[in-house]
Amino acid sequence: FTLTAPDNGVLEISYVGYKKQELAIGGKSTFLISMETSEEGLGEVIVVGYNTQRRKTVTGAVATVNMADAEARRVPDVAQVLQGQVAGVQVTQSTGAPGEEISIRIRGEGTIGNNSPLFVVDGVPSRDISFLNPADIQSMTVLKDASAAAMYGSRGSAGVVLITTKSGRKGRTVVDVNYFSGIQQATNLPKMLNTQQYMNKLEETWNNNPDNAGGNNPYTADKNRTDLANTDWLKETFETGKSQNLQLTLSGGTDKVQYLLSGAYYKQDGIVVYDHDQYKRISVRSNLNINVTDRLAVGTNLQLMHSTQDKLSSKGDAPGIIRHAMLRPPVIPVYKDPSDPTWSARDPFTDLPFYKSPTDFQSGKYEWTSNPVALAYFTNDVRTRFKTFGNIYGEYSFLREKELKFRTNMGVDINYTHNKAFYPNFGDDDGGGATQDKGQGRKNRPNSLTDDRGEEMNFTWTNTLNYSKRFNKHQVSALVGSEYITWRTSNTGGSRNRFEYESPNFQYLDYGNATSDIWNGGSGSDLGLFSLFGTATYTYASKYMVTANFRADASSNFGENKRWGYFPSVSVGWRVTEENFMKGISWIDDLRLRASVGSLGNQDLPYYAYKTLYTQVDNRYKLIRYGNPNLRWEATTQSNFGIDLALLKNKLSLSVDYFEKKTKSILLPVSLPEIFGDVEATYVNAGEVSNKGIEIALGYKDNIGEFKYGVNANFAAVKNNVDKLHPNVPVITGDVYRTAVGQPLGAFYGYKMVGIYQNQAEIDKYLPN
């Protein structure tokens, strides 16, 4: 091919899958170029903020996920793609139930409020990514430090995950069909006592109680009963879960138009008996990019998703099925004998231990728990969701070499939810309940229905002007932009009880009792966020890099005088391997040093928290909450120091980061003394939390002939500490956790076991006189 170029110019030759080369023309007219394959491929250019950047010039703490490896893992949720793949990113799921929310934390807990990161999918922000099909993802980048995440300002204080979905490419139409299925089982379960072991322990416990001295042990007599079962409740509660996933994709295009259409169906039946813990997700996505001219491009990316989750209480809390399976005595069978007068085809399950009469359940002898199998059978709690998510964009290139680009992007995130739960009456009659409910079972007495519907509409309009130019050894890029985001939410719901008919056809509010115990309500709220931002990067000879960012956010969550928050950051980098003194060290392929410091904000708190609220009661106004007009932005400052090393022809890679993160002016609800009346807590800026940690990522890749292999590992350690709280809230306490100065956020607490008394001397030592 022939090019027209100045004699003192530089040729840059690049191709996907090959190493980029830079050749000085130096008056030559003919070149023979031999390209070398590159292991990095597309990874050389990564998404950072509102634009892209070469990996070797990145100065912030940025990590990318290998989507080829992630696809081979066949995980159904995008959050699981991140699990174990990026140092400093913790992914946990409290129950493992199908459709259950997955928690993602980047560099630990930084605030008392919401610590979830911001997800940006094709330029559209979201706090949830469960709607995405992992097979649709082209790239995923994690921005961990303040410098990297600064372009997202107030929403990036807990980290940012940038996701780019797949798009069509020039060529003939390609049809891709993928199907996989799997099974899930509960593992590492504790070994439960059988009936003989259980009865022996109860007998021993009764004998060891000094209050029972001289009495007849009731468990000794019960050991001779012939009607005792031998039930392993964990075994009866769990089954083998099944999942399946079907993905269909069509893609292709020409020089002018590229398109991609995809559809996916995912279904999972959980590991608890019966089919009341299922999750189903259907999604359809279209991606269209049109090159109207050589300077103007437009496109759209739209996804529709519908999901259904059968919600099952499977946690270890009081209503949780697993809790009851752990506590229910093995001497009780799963089902009643049909000869039992309380047996019915509708409810054949055992309930209270050793039913004798409506007034005697021997509740003092055996654990008063529920039948977990019955709980699973009668659960009827369905959560449905319909989501529309996507964007439409236009981009125009200016100047001779198209180095100036203007892009406008309109994003939409619309959610409709419907939660419907029917609680049928079942179980044994314990003689309790209201007069009109006498004779009914003790569970869900009386039966009831809750029905809630909600909608959420989020719109994002982003405009950016991006300039990039290279002058010999100098590379300059700059971006300025504005962004307007609006959230609008509304919900309505109600409940009724004492349904005469329990069949699905009558599980609607109108068929329940309409004279007493009625609840209904609804509300709505909105929030606006306007932002101005800019970033500039300068690179010299691909070895000295500096990036500066600045973002200003105005949130309607704060009063007019405190509405704006300002968040600057700066980062620098040095590619040591580009220096002349490193040229002779052939076994070091890349050595980079990075440092950054920056500030981010947080405005995640209830809407209108700065306002004083009243309600009208019988022509009188009642104070609900005192406002705080001085409420301001929560601020997080973070510094990061990192090193990146590649050895042995890029086969061995190592990245190490040390960071310190400090969050001040934490948005904290503080309850007022009772002299102020019965009012809600007022939000104030109080408290400080710090995080310090180190992250290490190590990887090795090579090939033996056509066989390629790779090994990756990462390690992270974070120390979290509460440095300060409000004087009126010295401790924030939960059931099993508390937040206190000098301790981590939400630290578990309880009694510390010193030991078991072995003799009278130890008793005298530890117990007061």
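Enquirer: Which residues make up the overall build of the chain, and what values do they have?
Expert: Check the secondary structure of the chain and you find nine helices and 35 strands. Counting only C-alpha atoms and orienting by the principal axes, one finds that the chain spans roughly 110 × 75 × 65 Å. Looking at the 769 residues of the chain, the share that counts as buried comes to 42%. The long-range share in the chain, meaning contacts at least 24 apart out of those at least 6 apart in sequence, stands at 64%. Of the side chains in the chain, 82 bear a positive and 81 a negative charge, and the two mean positions are spaced by 7 Å.

Enquirer: Please provide a residue-by-residue account of the sheet that holds strand β35 (residues 747-748), values included.
Expert: Through backbone hydrogen bonds, the strands of a sheet pair up, either in parallel or in antiparallel fashion. Taken in spatial order, the three strands of this open sheet run β33-β34-β35, and their pairing is antiparallel. The open sheet has two edge strands with one neighbour each: β33 (731-733) and β35.

Enquirer: Help me get a handle on unusual backbone geometry, residues and values and all.
Expert: Cis geometry is found at the peptide bond from Arg445 to Pro446, where omega equals 0°. Looking at where Pro446 falls in the secondary structure, it is placed in the loop between β18 (404-423) and β19 (448-471). At Asn188, a position not held by glycine, the phi torsion is positive, near 55°. Note on placement: Asn188 falls in the loop between β12 (171-184) and α4 (195-208).

Enquirer: Account for the pairing of strand β32 (residues 707-724), naming residues and giving values.
Expert: Where strand β31 (residues 688-704) and β32 come together, 17 bridges link them in antiparallel fashion. By the bridge assignment, Ile696 is partnered in β32 with Phe715. Connecting β31 to the next strand, β32, in antiparallel fashion are two residues, including Gly705 with a positive phi near 65°.

Enquirer: An account of the pairing of β31 is needed here, citing residue identities and associated values.
Expert: Here strand β28 (residues 652-664) runs beside β31; their pairing, made up of 12 bridges, is antiparallel. Note that in β31 the partner of Ser653 across the bridge is Gly699.

Enquirer: So, the pattern of salt bridges: which residues are in play, and what are the values?
Expert: Side-chain pairs of opposite charge can arise where the charged atoms are in close proximity. Applying the stated criterion across every chain, the model contains 35 salt bridges. Between Lys336 and Asp428 there is a salt bridge whose closest N-O contact spans 2.6 Å. Taken as a pair, Lys336 in the loop between α7 (321-327) and α8 (372-378) and Asp428 in the loop between β18 and β19 lie far apart in primary sequence, 92 residues in all. The salt bridge involving Arg594 is made with Asp644; its shortest N-O contact spans 2.7 Å. Of the two residues, Arg594 sits in strand β24 (residues 588-602) while Asp644 sits in strand β27 (residues 634-647), which places them 50 residues apart along the sequence.

Enquirer: Which residues make up the sheet that holds strand β11 (residues 160-165), and what are the values?
Expert: In spatial order, the strands read β5-β10-β11-β8-β9; together these five strands make up an open sheet with mixed pairing. Unpaired on one side and paired on the other, β5 (62-64) and β9 (124-126) mark the two borders of the sheet. Sheet twist, expressed as the average angle between the axes of neighbouring strands with direction ignored, equals 20°. Sheet topology note: the strand β8 (residues 118-121)/β9 ladder contains three bridges and is antiparallel. Pairing of Val121 across the sheet is with Val124, part of β9.

Enquirer: I'd like a description of the side chain of Arg105, backed by residues and values.
Expert: With respect to the helices, strands and loops of the structure, Arg105 is situated in strand β7 (residues 102-106). Of note is the side chain of Arg105, whose polar atom sits 3.4 Å from the side chain of Ser103. A distance of 2.9 Å separates the side chain of Arg105 from the side chain of Glu109, its partner in a polar contact. Setting aside residues no more than four positions away along its own chain, Arg105 makes contact with Gly88, Val89, Gln90, Asn115 and Ser116.

Enquirer: I'd like a rundown of the nonpolar core, residues and numbers included.
Expert: Ranked by size, the top nonpolar core spans 28 residues in total, and within it Leu82, Met140, Val161 and Ile163 carry the most contacts. Taken together, the elements giving at least two residues each to this core come down to α1 (67-73), α2 (78-82), β6 (89-93), β7, β8, β10 (137-143) and β11. A total of four residues in this core trace back to one element, the largest contributor, which is α2. Setting aside its immediate chain neighbours within four residues, Ile163 contacts Val78, Val120, Val121, Asp122, Ile129, Leu132, Ile137, Ser139 and Met140. Listed in part, the 26 residues of the second largest apolar core include Ile322, Val331, Val334 and Phe378.

Enquirer: Any details on α4? Residues and values, ideally.
Expert: Helix length check: α4 (14 residues) gives 20 Å between terminal C-alpha atoms against 20 Å at 1.5 Å per residue, within 8%. Buried residues along α4 sit against α5 (218-222). N-capping of α4 is provided by Asn194, with a side-chain oxygen placed 3.2 Å from the backbone N of Gln196.

Enquirer: Please set out the packing of aromatic side chains residue by residue, giving values where relevant.
Expert: Counting across every chain of the model gives 22 aromatic pairs. Geometrically, the ring pair formed by Tyr266 and Tyr279 is tilted, given 6.4 Å between the ring centres and 55° between the ring planes. Residue Tyr266 is located in strand β14 (residues 257-269), and its partner Tyr279 is located in strand β15 (residues 278-291); the two are separated by 13 residues in the primary sequence. Under the relative-accessibility criterion, Tyr266 is labelled buried at 4%. Relative accessible area serves as the criterion here: at 10%, Tyr279 is assigned to the buried category. Seen in terms of ring centroids, Tyr501 and Phe506 are 5.1 Å apart; in terms of plane orientation they differ by 40°. Their pairing is tilted.

Enquirer: Got a sec to walk through the confidence of the model for the chain? Specific residues and values, please.
Expert: Taken residue by residue, the chain gives an average pLDDT of 88. The fraction at 70 or more is 95%. Segment residues 39-43: pLDDT under 50, and seven contacts once partners within four positions in sequence are set aside and those in other chains are kept.

Enquirer: Please set out the environment of Lys611 residue by residue, giving values where relevant.
Expert: Along the chain, Lys611 turns up in the loop between β24 and β25 (613-617). Taking the C-alpha atoms as reference, Lys611 lies 9.9 Å from Tyr683; in sequence the two are 72 residues apart. With residues near it in sequence (within four places) discarded, Lys611 still touches Arg625, Tyr626 and Gly627.

Rules used in this analysis
- Residues numbered from 1 in each chain as written.
- Predicted model: local features only at pLDDT ≥ 70, side-chain atom pairs only at ≥ 80, totals over all residues.
- Heavy atoms only, no water.
- Helix = DSSP H or I, 4+ residues; strand = E, 2+ residues; numbered from the N terminus.
- Buried < 20%, exposed > 50% of the residue type's maximum accessible area, 1.4 Å probe, protein only.
- Contact = heavy atoms within 4.5 Å.
- Lys, Arg positive; Asp, Glu negative; His and termini not counted.
- Charge placed at Lys NZ, Arg CZ, Asp CG, Glu CD.
- Pairing = 2+ DSSP bridges.
- Salt bridge = Lys/Arg side-chain N within 4 Å of Asp/Glu carboxyl O.
- Axes fitted to C-alpha atoms, helices over the stretch in contact; angles between N-to-C directions.
- Polar contact = N/O pair within 3.5 Å; in protein donor to acceptor, adjacent residues only side chain to side chain.
- Core = buried A, V, L, I, M, F, W, Y, C linked by side-chain atoms within 4.5 Å.
- Expected span 1.5 Å × (residues − 1).
- Phe/Tyr/Trp six-rings, centres within 6.5 Å; stacked < 30°, edge-to-face > 60°.
- pLDDT = per-residue confidence, 0-100.

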